[in-house]
Amino acid sequence: MALPKTLPGFREFYPEAMAVRRFLFNVWRESALAFGFQEYDGPVLEPLELYTRKSGDEIEAQLFSFTDKGGREVALRPEMTPTVCRLVGAKANALKRPIKWFSIAEFYRYERMQKGRGRSFFQFNADIFGEAGPEAEVELIALLVQCLRRFGLSEADVYIRLSDRDLWLLYLEEYGFSPEETADVLSAVDKLEKLGDAAFRGYEEKHGALAPEKREAIQALFGVRGFEALAALVQSLGNERLQARLAQWRQLLDGLEAMGVGSFVEVDLGVVRGLSYYTGFVFEAFDRKGDLRAIAGGGRYNDLVRRYGGPDLPAVGFAIGDMTFQLLLEARGLLPTMVQAADVYAIIGGPAERQKALRVVADLRMAGVRAEYPLRQVGFGKQFKLADQSGARLALIFGEDEVQRGVVKLRDLRSGEEEDVELARAVAAVRERLHGG
RNA sequence: GUGGCUGUAGCUCAGUUGGUUAGAGCACCAGAUUGUGGAUCUGGGGGUCGCGGGUUCGAGUCCCGUCAGCCACCCCA
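Residues numbered from 1 in each chain as written. Chains lettered and ligands numbered in written order. Predicted model: local features only at pLDDT ≥ 70, side-chain atom pairs only at ≥ 80, totals over all residues. Heavy atoms only, no water.

Undergrad: Is there a simple way to explain the packing of aromatic side chains in this structure?
TA: Any pair of aromatic rings gets described here by the distance separating the centres and the angle formed by the planes. Applying the stated rule across the entire model yields 24 aromatic pairs. Ring centres 6.3 Å apart and planes at 70° place the aromatic pair phenylalanine 177 and tyrosine 203 in the edge-to-face group. Here phenylalanine 177 is found in the loop between α6 (165–174) and α7 (179–195), whereas its partner tyrosine 203 is found in helix α8 (residues 201–207), with 26 residues between them in sequence. Residue phenylalanine 177 is classed as buried on the basis of its relative accessible area of 5%. By relative accessible area, tyrosine 203 is classed as buried at 5%. (Phe/Tyr/Trp six-rings, centres within 6.5 Å; stacked < 30°, edge-to-face > 60°. Helix = DSSP H or I, 4+ residues; strand = E, 2+ residues; numbered from the N terminus. Buried < 20%, exposed > 50% of the residue type's maximum accessible area, 1.4 Å probe, protein only.)

Undergrad: How should I be thinking about the protein's contact with RNA strand B in this particular structure?
TA: Around RNA strand B lies a shell of 37 residues, among which Lys115, Leu275, Lys385, Asp388 and Leu413 are the nearest. Sugar plus phosphate, as a fraction of atoms of RNA strand B within 4 Å of the protein: 43%. A distance of 3.1 Å separates a base oxygen of RNA strand B from a polar side-chain atom of arginine 112. Residue assignment for the surface near RNA strand B shows that the elements contributing at least two residues are α7, α15 (380–389), α16 (400–404) and β15 (407–412). (Near = heavy atom within 4 Å. Polar contact = N/O pair within 3.5 Å; in protein donor to acceptor, adjacent residues only side chain to side chain.)

Undergrad: Before we go on, may I ask you to explain the pattern of salt bridges in this structure?
TA: Here the structure, examined in full by the defined rule, presents 29 salt bridges. The partner of arginine 332 in a salt bridge is aspartate 287, with the nearest N and O atoms 3.5 Å apart. With arginine 332 in the loop between α13 (322–331) and β12 (344–348) and aspartate 287 in strand β9 (residues 281–287), this residue pair connects regions lying 45 residues apart in the sequence. Looking at aspartate 287, the relative accessible area reads 2%, which means it is buried. Residue glutamate 419 is joined to arginine 433 by a salt bridge in which the shortest nitrogen-to-oxygen separation is 3.1 Å. Residue glutamate 419 is located in strand β16 (residues 418–422), and its partner arginine 433 is located in helix α17 (residues 426–436); the two are separated by 14 residues in the primary sequence. Judged by relative accessible area, which is 33%, glutamate 419 ranks as partly exposed. The buried category is assigned to arginine 433, whose relative accessible area is 18%. (Salt bridge = Lys/Arg side-chain N within 4 Å of Asp/Glu carboxyl O.)

Undergrad: Would you mind showing me how to read the domain arrangement of chain A here?
TA: Where interface size is given, it is often the accessible area lost as the parts come together that is meant. Domain boundaries assigned for chain A yield domain 1 (15–331) and domain 2 (344–436). One C-alpha centre belongs to domain 1, the other to domain 2; they are set 54 Å apart. (Domains from an automatic or database assignment.)

Undergrad: Please explain the side chain of glutamate 111 as it appears in this structure.
TA: Turning to its location among the elements, glutamate 111 is positioned in the loop between β5 (99–108) and β6 (120–129). In terms of polar contacts, glutamate 111 uses its side chain to reach the side chain of arginine 117, at 3.5 Å. When near neighbours in sequence (up to four residues on either side) are disregarded, glutamate 111 contacts Gln62, Arg117 and Arg119. (Contact = heavy atoms within 4.5 Å.)

Undergrad: Can you help me understand the nonpolar core in this one?
TA: Soluble globular proteins tend to pack their nonpolar side chains together in the buried interior. Judged by nonpolar contacts, the single largest core of 77 residues is most densely connected at Trp28, Phe124, Trp168, Leu230, Trp249, Ile320 and Phe325. The contacts of phenylalanine 325, once residues within four sequence positions are left out, are Leu24, Trp28, Cys147, Leu148, Phe151, Leu153, Ile295 and Ile320. If you look at the next biggest cluster of nonpolar residues, it comprises 27 residues, including Phe107, Tyr277, Tyr301 and Tyr308. (Core = buried A, V, L, I, M, F, W, Y, C linked by side-chain atoms within 4.5 Å.)

Undergrad: Sorry, what's going on with helix α5 (residues 135–149) here?
TA: Along an α-helix, residues three or four apart share an orientation, since each turn contains 3.6 residues. Between the first and last C-alpha of α5 there are 21 Å, a value that for 15 residues agrees with the 21 Å anticipated at 1.5 Å per step. A large share of α5 lies buried, amounting to 12 of its 15 residues. Listed in full, the buried residues belonging to α5 are Ala136, Glu137, Val138, Glu139, Leu140, Ile141, Ala142, Leu143, Leu144, Val145, Cys147 and Leu148. (Expected span 1.5 Å × (residues − 1).)

Undergrad: Looking at this structure, I do not really get helix α10 (residues 227–235). What am I missing?
TA: The set of residues buried in α10 consists of Phe227, Leu230, Ala231, Leu233 and Val234. One side of α10 carries all its buried residues, which in axial view fall inside an arc of 165°. Contacts from the buried residues of α10 go to α6, α9 (212–222), α11 (240–258) and β8 (265–267). (Arc of directions from axis to C-beta.)

Undergrad: What is the right way to look at the sheet that holds β9 in this model?
TA: The strands making up a sheet associate through backbone hydrogen bonding, with each pair oriented either parallel or antiparallel. If you trace the 8 strands from one edge of the open sheet to the other, you get β1-β5-β6-β11-β10-β9-β7-β8, paired in mixed fashion. Among the strands making up the open sheet, the edge pair consists of β1 (38–39) and β8. Where β9 meets strand β10 (residues 296–300), 4 bridges bridge the pair, whose relative direction is antiparallel. Bridge pairing links phenylalanine 283 to glycine 298 in β10. (Pairing = 2+ DSSP bridges.)

Undergrad: Even after reading the chapter, I still don't get the packing of α6 against α9, so can you show me in this structure?
TA: To characterise two packed helices, one gives the angle between the axes of the helices and the distance between these axes. For the pair α6 and α9, interaxial distance at closest approach is 11 Å and the crossing angle is 155°. Here α6 lies roughly antiparallel to α9, going by the angle between them. At the point where α6 passes α9, the crossing takes the right-handed sense. Of the residues in α9, those touching α6 at Leu167, Trp168, Tyr171 and Leu172 are Ala217, Ile218, Ala220, Leu221 and Phe222. A class-by-class count of the residues in the contact of α6 with α9 yields 9 nonpolar, no polar and no charged. (Axes fitted to C-alpha atoms, helices over the stretch in contact; angles between N-to-C directions. Parallel < 35°, antiparallel > 145°, perpendicular 65-115°, else oblique. Left-handed = near helix turned anticlockwise from the far one by under 90°. Nonpolar A, V, L, I, M, F, W, Y, C, P; charged D, E, K, R; others polar.)

Have a look at this one:
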């Protein structure tokens, strides 16, 4: 009788893997806190409707959804954005603005597994609500860069492609595309990089052949790399609203420079992001080598809070996934070896000494010192081996001689240095050794 | 959902044209070892050979199916 196996795509964290996970999370959390973001969380299980209302059925196909015992249609959360929109929307009037929130949470998608993608994964999400100007984007992109740099990743490892759905909309309008056509053009643009001209097939089936000059116009904006090229293209059109949008771009790029993160960012109108709820600036982070899928992605979604029943509240956010991120750190040799070592290992002579030793161990632990000892009585020599293997810096030797004299021997396992310490002073002596030198 | 590759111990793998009771290294446990170190030696536990069926006197080995994993497509909130 075999035990039931782990569900495909779900992850188990043995202590070593858990240490890596905690390392990632800690750095992300510290980064967000340094930026003044506040941590929140929401339910893992949500009404199915939360995810089906705004998007198509393809998304529903990738949901972990079922009917619960009360007959409710429910789904495991596949992303945080709807939840956070609801949370913020429900209390928007009571929340001090700008609302800067982050979370580190597990998500679920019913997908085929692949390198860097499972059916369960963690994401760091950071969002700013209530700020319509590009200052919010500056803050978020700076946080994203901080989340990279704190691990030792530089602009040589990662770059951020920065684009703008607003500008795309204005541009397409200028070329006479209707709103319905615009959505399908953007969907084609999203695939243009991979598929080439074939990307327009879906559009043409729906809206008829694409005039050559329109196609050229799309290709022109799609190919824009760098602000100079963007400015040149926009100015050639003489459209006032596009000009105004360009001013926003300038403000954003100046802010990023001032924050010292400009070197990570590349203006690249080839990105539009598949999701239809994005309304303005969008960005995606990739590794320079191009071996991995996207590391992070985000953008502005000014309509979403309102669409979830809240007030009109501008919003920007991004997410970093843990799987690809960890692969990147591994590939660059930036994952430190995780040590879960004790500080002190107690070496215990016999049953009589054990009484004294456990008391000291308990006191050490109460003082926040990681203290270990052999649960079962084993030979002295063996205990030294165990102490060594535990990675502890110090050993406390509770031998018969020592305990009878009312002392314990404190041994530095690195230098071999030993000294006798009064039992009552054992905790203090250990702390001096650990912190003092 | 589509296609390719791969499944033998916790890990890395060996296993002859199909032939007795499936092996090694690492890891783990114990002993040597009742007062000083990641060593050494000895021993031990651990396998329905992913699972199911078929061919055969006989299958880890050949065939079919299935499941799982990896990779690519699709998708990517």
